[in-house]
Protein chains: 2
Amino acid sequence: MSVDMNTDLNQHISQQFNTELEELRSQLLAMGGAVEKQVSDAIDSLIDADSELALSVRAKDDDVNFMEVSIDEEASRILARRQPAASDLRLVIACTKASTDLERIGDEAAKIARFSMELAENGESPRGYIEARHIGTHVRKMVQDALNAFARFDADMALAVAQEDKSVDREYRSAMRELVTYMMEDPRSITRVLNIMWVLRSLERIGDHARNIAEYVIYLVKGTDVRHIGLKKMKAEVFERSPSDA
Amino acid sequence: MSVDMNTDLNQHISQQFNTELEELRSQLLAMGGAVEKQVSDAIDSLIDADSELALSVRAKDDDVNFMEVSIDEEASRILARRQPAASDLRLVIACTKASTDLERIGDEAAKIARFSMELAENGESPRGYIEARHIGTHVRKMVQDALNAFARFDADMALAVAQEDKSVDREYRSAMRELVTYMMEDPRSITRVLNIMWVLRSLERIGDHARNIAEYVIYLVKGTDVRHIGLKKMKAEVFERSPSDA
């Protein structure tokens, strides 16, 4: 084989490899889009007491689960056949890690839908909807931004998502305190208020998962694992480090 | 280089590779041991109202977090340098997936410890300790069995762990119903009973994560992704399939 043919072959292989990586990333972003819609539908089903919408959210959870399995399959195939290195390897790892978090977000959306149905059918909670809408909008935006950061390899945007998680936690704690106070004043409402509390809990978890995805974006772009290092150090990594092997 | 030297070199490389894989698996099992201890200490701190023990659980969460990052680092290094295939690749993937679940189990243990401290310092709950101890013992055994299944590549034991999760869910729901009833009868206890409810919730989540780890063991041993397929199909995969490429 001549050197030229070899180069052609290498280019061909490398182009096909790029296509596969691009395909994996598209799959992840498609899963992200589906999950984002699940979250937004789950919140709407709660606010509008729409049992039918809640039912469809629960039904679609299977699709999300299937997407997770399919992304992991594709990632394993790429790892086995292409033996990616450096930023390619990080992309594959980030996709499979992020797909787990997206699947868990889908689970939380399905749980919210379950409580929406309970509330729509067995009596509304006297409190908590405003807080659920507010925190719901907040975490939905976090999921959206985390996915946009993934799509654009944007570490700054990812950092902003991680920072948002703190204020979601604050909003969550304050809403919970209020609901506990209300329960004590009106014990007959306990069961219904508890249903809203579980919704808030799920929303808070969705914020955590969005933050995890944001951390994988920073790992992907900057090459550093920023989990568990705190926001201050994370900021330093995003602003000061250029990837060592991109 | 003679053929013999080449063979020697290959054997040498392959031996070193095996050592690295073994090292990764040991790291995961060590992390598992640490997390198991965290769960058991968190439950003890609740039952014995032992704030000091609870504090030490919370302090040790950082060690667990560090282990997760270190396992993922080692796994990436193996993927980049060794380009593992078939069952070796599955081992690396299963280790990094399982480490995420172990880390989350550690988080839940730290949360339980936080509520133990609240209860020890601001007043015990009038109910829920028996249930917490019972479900706690149950999920702790699930974590232990999932790790043993990992250590022995035992898909049957992993299947048993996944099956256990159903009965934990049942126990959890029944305990929650009782606590809600109690709350309504004695509204002054709401805050304290809620603290125990959050503990039960964390325990139930630990059961979910143990089930996830069990599913990775089946993937590792049998080569099939059994997430989201239901217990019946999972059983069929464990009993009927031999791995295609082990």
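Here is what the cut-offs are and how they apply
By convention here, each chain's residues receive numbers from 1 onward along its written sequence. Chain A is the first chain written and ligand 1 is the first ligand written, with later ones labelled in order. Only residues with pLDDT of at least 70 are given local features in this predicted model, and only at 80 or more are side-chain atom pairs given and counted; all residues enter the totals for whole chains, interfaces and linings. Heavy atoms from the whole structure form the basis of all side-chain values; hydrogens and water molecules are not counted. Here a strand is any run of E in DSSP of at least two residues, a helix any run of H or I of at least four, and the numbering for each starts at the N terminus. Buried means the residue's accessible area, taken with a 1.4 Å probe over protein chains only, is under 20% of the maximum for its type, while exposed means over 50%, and partly exposed covers the values in between. For the accessible areas, the method is Shrake-Rupley and the probe is 1.4 Å, while residue cover comes only from the protein chains on display. When charges are counted, Lys and Arg contribute as positive and Asp and Glu as negative, whereas His and the chain ends are disregarded. By convention, the point assigned to a charge is CZ for Arg, NZ for Lys, CD for Glu and CG for Asp. We superpose the copies by least squares over the C-alpha atoms of residues that have a pLDDT of at least 70 in both of them. Any two residues whose heavy atoms approach within 4.5 Å are treated as being in contact. Once two parts are joined, some of their accessible surface, as seen by a 1.4 Å probe, is lost; buried area is that loss totalled over both. A pair is scored as a salt bridge if a Lys or Arg side-chain nitrogen falls within 4 Å of a carboxyl oxygen belonging to Asp or Glu. UniProt positions are given in the numbering used here, feature names are shortened, and annotations may be inferred rather than shown by experiment. Residue types Ala, Val, Leu, Ile, Met, Phe, Trp, Tyr and Cys, when buried and joined through side-chain atoms within 4.5 Å, form a set referred to as a nonpolar core. Only the stretch in contact is used when a helix axis is fitted, and all axes are lines through C-alpha atoms; the angle between N-to-C directions ranges over 0 to 180 degrees. Under this scheme an angle from 65 to 115 degrees is roughly perpendicular, one under 35 degrees roughly parallel, and one over 145 degrees roughly antiparallel; angles in between are oblique. What makes a crossing left-handed is the near helix being turned counterclockwise from the far one by less than a right angle; a clockwise turn instead makes it right-handed. In this count, Pro and Cys sit with the nonpolar residues alongside Ala, Val, Leu, Ile, Met, Phe, Trp and Tyr, while Asp, Glu, Lys and Arg are called charged and the others, Gly among them, polar. Residues enter a patch when their relative accessible area is above 30% and they make no salt bridge; the linking distance is 9 Å between like charges and 5 Å between nonpolar side chains (Val, Leu, Ile, Met, Phe, Trp, Tyr). Here, expected helix span is obtained from the residue count minus one, scaled by 1.5 Å. Polar contacts, as used here, are pairs of N or O atoms within 3.5 Å; protein pairs need one atom able to donate a hydrogen and one able to accept it. Residues neighboring in sequence count only if both atoms are side-chain atoms.

## Regarding the overall build of chain A
At step 1: Of the regular secondary structure elements, chain A holds seven helices and zero strands.
At step 2: The order of α-helices and β-strands along chain A, N terminus first, is α-α-α-α-α-α-α.
At step 3: Counting only C-alpha atoms and orienting by the principal axes, one finds that chain A spans roughly 85 × 40 × 20 Å.
At step 4: Residues classed as buried in chain A amount to 54% of the 246 residues present.
At step 5: A total of about 11,100 Å² of accessible surface is found on chain A, and carbon and sulfur atoms cover 49% of it.
At step 6: Between the averaged position of the 32 positive side-chain charges in chain A and that of its 44 negative side-chain charges there is a distance of 6 Å.

## Remarks on the relation of the copies chain A and chain B
At step 1: Mapping chain A onto chain B calls for a rotation angle of 180° and an axial translation of 0.0 Å; the resulting RMSD is 0.0 Å. Read as a symmetry element, the transformation amounts to a two-fold axis.
At step 2: Most of the interface of chain A is mirrored in chain B, where 97% of its interface residues again form contacts.

## Concerning the interface of chain A and chain B
At step 1: If you look at the interface, chain A gives 39 residues, while chain B gives 38 residues.
At step 2: Of the roughly 3,200 Å² buried at the junction of chain A and chain B (both faces included), carbon and sulfur atoms supply 57%.
At step 3: Interface area lost by chain A to chain B is led by A:Arg104, A:Trp198 and A:His228, which between them contribute 18%.
At step 4: Two residues, A:Asp72 and B:Arg227, come together in a salt bridge whose shortest N-O distance is 2.7 Å.
At step 5: Sorting elements by how many residues they give to the side of chain A that touches chain B places helix H6 (residues 190–222) of chain A first, with eleven residues.

## A word on the UniProt feature "domain: PhoU" (unreviewed entry) in chain A
Residue and element names in this part refer to chain A.
At step 1: Taking the UniProt record as the reference, the feature "domain: PhoU" (unreviewed entry) is found at residues 29–114 and 133–217.
At step 2: When the span residues 29–114 is considered, its composition is 93% helix and 0% strand, and the gap between its end C-alpha atoms is 26 Å.
At step 3: Between the first and last C-alpha atoms of residues 133–217 the distance is 27 Å; the span itself is 93% helix and 0% strand.

## Some details on the pattern of salt bridges
At step 1: One pass over the structure, following the stated rule, counts 34 salt bridges over all chains.
At step 2: With a closest N to O distance of 2.6 Å, A:Asp72 and B:Lys97 form a salt bridge. Linking A:Asp72 in helix H2 (residues 51–82) with B:Lys97 in helix H3 (residues 86–122), this pair reaches from one chain into another. Taken individually, A:Asp72 and B:Lys97 each receive the classification buried, so the pair is uniform in this respect.
At step 3: A:Arg77 is paired through a salt bridge with A:Glu74; the nearest N and O atoms lie 2.6 Å apart. One end of the pair, A:Arg77, and the other, A:Glu74, are both in helix H2, three residues apart, so they sit about a helical turn from each other.
At step 4: With a relative accessible area of 37%, A:Arg77 lands in the partly exposed category.
At step 5: Where salt bridges share partners, they join A:Glu68, A:Asp72, B:Lys97, B:Asp225 and B:Arg227 into one cluster.

## Some thoughts on the nonpolar core
At step 1: Counting 156 residues, the largest nonpolar core has A:Phe150, A:Leu200, A:Leu203, B:Phe150, B:Leu200 and B:Leu203 as its most contacted members.
At step 2: Contacts of A:Leu203, omitting those with residues within four sequence positions, involve A:Ile43, A:Ile112, A:Ala132, A:Ile135, A:Gly136 and A:Val139.

## Quick look at the packing of H6(A) against helix H6 (residues 190–222) of chain B
At step 1: Between H6(A) and H6(B), the shortest axis-to-axis distance is 13 Å and the interhelical angle comes to 45°. The pairing of H6(A) with H6(B) is recorded here as oblique in orientation. Once H6(A) is placed against H6(B), the crossing between them reads as right-handed. Taking contact as the criterion, the partners of A:Ile190, A:Leu194, A:Met197, A:Trp198 and A:Arg201 in H6(A) are, on H6(B), B:Ile190, B:Leu194, B:Met197, B:Trp198 and B:Arg201.
At step 2: In terms of residue class, the contact of H6(A) with H6(B) is built from eight nonpolar, no polar and two charged.

## Considering a positive patch on the surface
At step 1: On the surface, A:Arg58, A:Arg114, B:Lys166, B:Arg170, B:Arg173 and B:Arg177 cluster together into a positively charged patch.
At step 2: When residues in the positive patch are grouped by element, the largest group, four residues, is from helix H5 (residues 155–185) of chain B.
At step 3: Relative to the assigned elements, B:Arg177 resides in helix H5.
At step 4: Given the relative accessible area of 55%, B:Arg177 is considered exposed.

## Looking at the environment of A:Glu131
All names here are of chain A.
At step 1: As for its position among the elements, Glu131 is in helix H4 (residues 129–152).
At step 2: Placed 43 residues apart in sequence, Glu131 and Ser174 show a C-alpha to C-alpha distance of 9.4 Å.
At step 3: Sequence-distant contacts of Glu131, that is, excluding residues within four places in its chain, are made with Gly136, Ala175, Glu178 and Leu200.

## Quick word on helix H5 (residues 155–185) of chain A
At step 1: Under the 1.5 Å per step criterion, the end-to-end length of H5(A) is 46 Å for 31 residues, consistent within 8% with the ideal 45 Å.
At step 2: Sitting at the amino-terminal end of H5(A) is A:Asp154, which places a side-chain oxygen 3.1 Å from the backbone nitrogen of A:Asp156.

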